[in-house]
Amino acid sequence: MPLLALLIIPVVIIVFVIIVYNSLAAKKANVQNAFAGIDVQLKKRCDLVPNLVSSVKAYMKHESGTLEKLTELRTRAAAATDPAERLSLDKELSGALRNVMVQVEAYPDLKSSANVIQLQRSLNEIEEQISASRRAYNSAVTDYNLAIRIFPNNLLAGMFGFTESALFEAAPEDRANPNVGDLFNK
Amino acid sequence: MKDPEPDRSNDVRPRFIAGLDETLAELRELRDATRKKALTLSAVIVAVTVLLSLGALVMSGDFLAFVLIPGIIIAVVVYTQMMGGVRLKYKKLVVPALLKELDPGLSYNPDGCIPKEEFRRSNIFSQRADSYSGEDLVFGSYKGIPVRFSELKVQEKHSDGKNTSYHTFFSGVFMVADFNKDFKYSHWVLPDAAEAAFGQVVGNFLQKLKLPGHGHMTRMEDPAFEKKFVVYTEDDVEARYILTPKLMHTMLKLSERFRRGVSKIGFAFMNSNVYIAIPIEGGRDLFEMPSRGDLGSETARRTLEELKEILSVFDVMELDLRLWSKEHPYSSRR
């Protein structure tokens, strides 16, 4: 009987370790997937920039500096390979885009042009998608971090090198969340 | 001191309802005359059956109860049928006129309802729709958005071998509308019965047990929302694309407004539409004419309020707000 117990206990432990490891690995994969999801949307936003610049530059001669900055940020963001650098450039790009859309308000012809309205729609769409993928990412991270923290997973997480992931913190300017509806109605 | 701004929000309504006065007066006359006729006829039927029963008692010493009971039933049916005709007339004359005032794009069919197949497909309820009935179908475009809603009463059959009974699991208004964003997958926002009954830990565990055909459970970041609802989805990112913090807040408000005992509001998002099941207090009938007493502008105003209350759900959900890539259905560009 003790011999049987000696055999069973390690088997139970091994099965338990496998289950915990797989569950943590799956949750980590979810986090990575969710991050890739954000990246896809950020790329889409980058792709929108040249279109926007070409549509508005004829009108916005006085703001050529703003547009140049936008183009430059776009090129740098598209080329960036380091995720942290990319995210920070995207944050800047987001602010610059918002800035341009606010400046568009000063040009009634431009504001009512079908092309700009269409671009505004696409931009709103992408912003909404980015926000959704960030929230999905945060949800995956919360799930994963919680799984790492709870006992007895925390013992194994350290052993297998599972470390907590960072949540997306909204930038103060993102939190301000301007009412996009106003851009149409003004 | 400057006078406060006059409230113009009700200006059009009373004037409009005043235009309905003649119709309402005619309806009242018709209703009262019909009621008198129906009551007399019913009374005659009951009197005849009572006399028959008494006659039987005197003649043969047998009280013919089996004549009396069907007699009373027939009298009730006759009364209901006759009054039903006037009730329908009220709906046909008054409701379309009120709807036109709210939005000329809306039409009304007093006998129509949302098809059973569509109710079933929305998958808001897991019970079987064994008995399905409805009325008061409103359909068309509201603020340019395709919408439909009707009253529904849906029951599931319970049978223990000997007795069969029907349990009503939904009685209220079922609404379908074109959602303001395009999406591919299906998502459900259902009342959180498990968490409300068993607390967060056990409730959470129960929620995770998959509901058939509901994708998987996902948690939103708004704790107040999570307390009231449970979200099932086929795609996590798309669920958050639809359920923005603002919409979640609106849905919470709606759930408070339409709370009715254990029945709570439920939502499904699929095929680019939103489906909303709203339980109505006491399962009461909507757009009904009172069977006695006053029938005038106050009645029409009450019906108007009921219509506005339902349509306001589309307003607060801002379904006509088309800021994203999905355009307004009735205009190429707005």
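Thresholds applied
- Residues numbered from 1 in each chain as written.
- Chains lettered and ligands numbered in written order.
- Predicted model: local features only at pLDDT ≥ 70, side-chain atom pairs only at ≥ 80, totals over all residues.
- Heavy atoms only, no water.
- Axes fitted to C-alpha atoms, helices over the stretch in contact; angles between N-to-C directions.
- Helix = DSSP H or I, 4+ residues; strand = E, 2+ residues; numbered from the N terminus.
- Left-handed = near helix turned anticlockwise from the far one by under 90°.
- Contact = heavy atoms within 4.5 Å.
- Nonpolar A, V, L, I, M, F, W, Y, C, P; charged D, E, K, R; others polar.
- Phe/Tyr/Trp six-rings, centres within 6.5 Å; stacked < 30°, edge-to-face > 60°.
- Buried < 20%, exposed > 50% of the residue type's maximum accessible area, 1.4 Å probe, protein only.
- Lys NZ or Arg CZ within 6 Å of the ring centre and 35° of its normal.
- Expected span 1.5 Å × (residues − 1).
- Buried area = accessible area lost by both parts, 1.4 Å probe.
- Salt bridge = Lys/Arg side-chain N within 4 Å of Asp/Glu carboxyl O.
- Polar contact = N/O pair within 3.5 Å; in protein donor to acceptor, adjacent residues only side chain to side chain.
- Patch = residues over 30% accessible without salt bridge, like charges linked within 9 Å, V, L, I, M, F, W, Y side chains within 5 Å.
- Areas by Shrake-Rupley, 256 points an atom, 1.4 Å probe, with all protein chains shown as cover.

Draft legend 1. Broad picture of the packing of helix α1 (residues 2–56) of chain A against helix α3 (residues 83–104) of chain A. Residues and elements named next belong to chain A. Where α1 meets α3, the axes come as close as 11 Å, and the angle between the chain directions of the two elements is 40°. In the crossing of α1 with α3, the sense of the turn from one axis to the other is left-handed. From α1, F35, D39, L42, K43, R45, C46, V49, L52 and V56 reach across to α3, where they touch P83, R86, L87, D90, L93, S94, L97, V100, M101 and V104. Considered class by class, the residues forming the contact of α1 with α3 number 13 nonpolar, 1 polar and 5 charged.

Draft legend 2. A look at the packing of aromatic side chains. Residues and elements named next belong to chain B. All told, the structure shown has 20 aromatic pairs over all chains when counted by the stated rule. Note on Y142 and F314: the rings are 6.2 Å apart at their centroids and 50° apart in plane angle, and the pair reads as tilted. In this pair, Y142 is assigned in strand β2 (residues 131–142) and F314 in helix α9 (residues 297–316), connecting sequence segments 172 residues apart. Residue Y142 is classed as buried on the basis of its relative accessible area of 9%. Through a chain of ring-to-ring contacts, the aromatic side chains of F119, F125, Y132, F169, F170, F174 and Y275 assemble into a single cluster. Seen from the ring of Y241, K181 lies directly overhead, with NZ or CZ sitting 4.6 Å from the centre.

Draft legend 3. Region of the structure containing the environment of V104 of chain A. Mapped onto the elements, V104 of chain A comes out in helix α3. Aside from chain neighbours lying at most four places away, what touches V104 of chain A is V56, M60, L110, K111 and V116 of chain A.

Draft legend 4. Here's a closer look at helix α2 (residues 64–79) of chain A. Along its 16 residues, α2 of chain A runs 23 Å from first to last C-alpha, staying within 8% of the 22 Å computed at 1.5 Å per residue. Tucked into the core, α2 of chain A has its buried residues touching α1 and α3 of chain A.

Draft legend 5. Highlighting the interface of chain B and chain A. At the junction of the two partners, chain B supplies 20 residues and chain A supplies 15 residues. A buried area of about 1,600 Å², summed over both sides, lies between chain B and chain A, and 51% of it is on carbon and sulfur atoms. For chain B, the biggest contributors to the area lost against chain A are R240, Y241 and L323 of chain B; these three give 37% of the whole. If you look at where chain B meets chain A, you find 2 salt bridges. Measuring nitrogen to oxygen at the nearest pair gives 2.7 Å for the salt bridge that ties E128 of chain A to K181 of chain B. Our count for the contact surface shared by chain B and chain A stands at 6 residue pairs in polar contact (both at pLDDT 80 or more).

Draft legend 6. Representation of a nonpolar patch on the surface. All names here are of chain B. Taken together, the side chains of V50, L51, L54, L57, V58 and M59 present a nonpolar region at the surface, about 620 Å² in accessible area. By the secondary structure assignment, L54 is in helix α2 (residues 21–60). A relative accessible area of 40% means that L54 is categorised as partly exposed.

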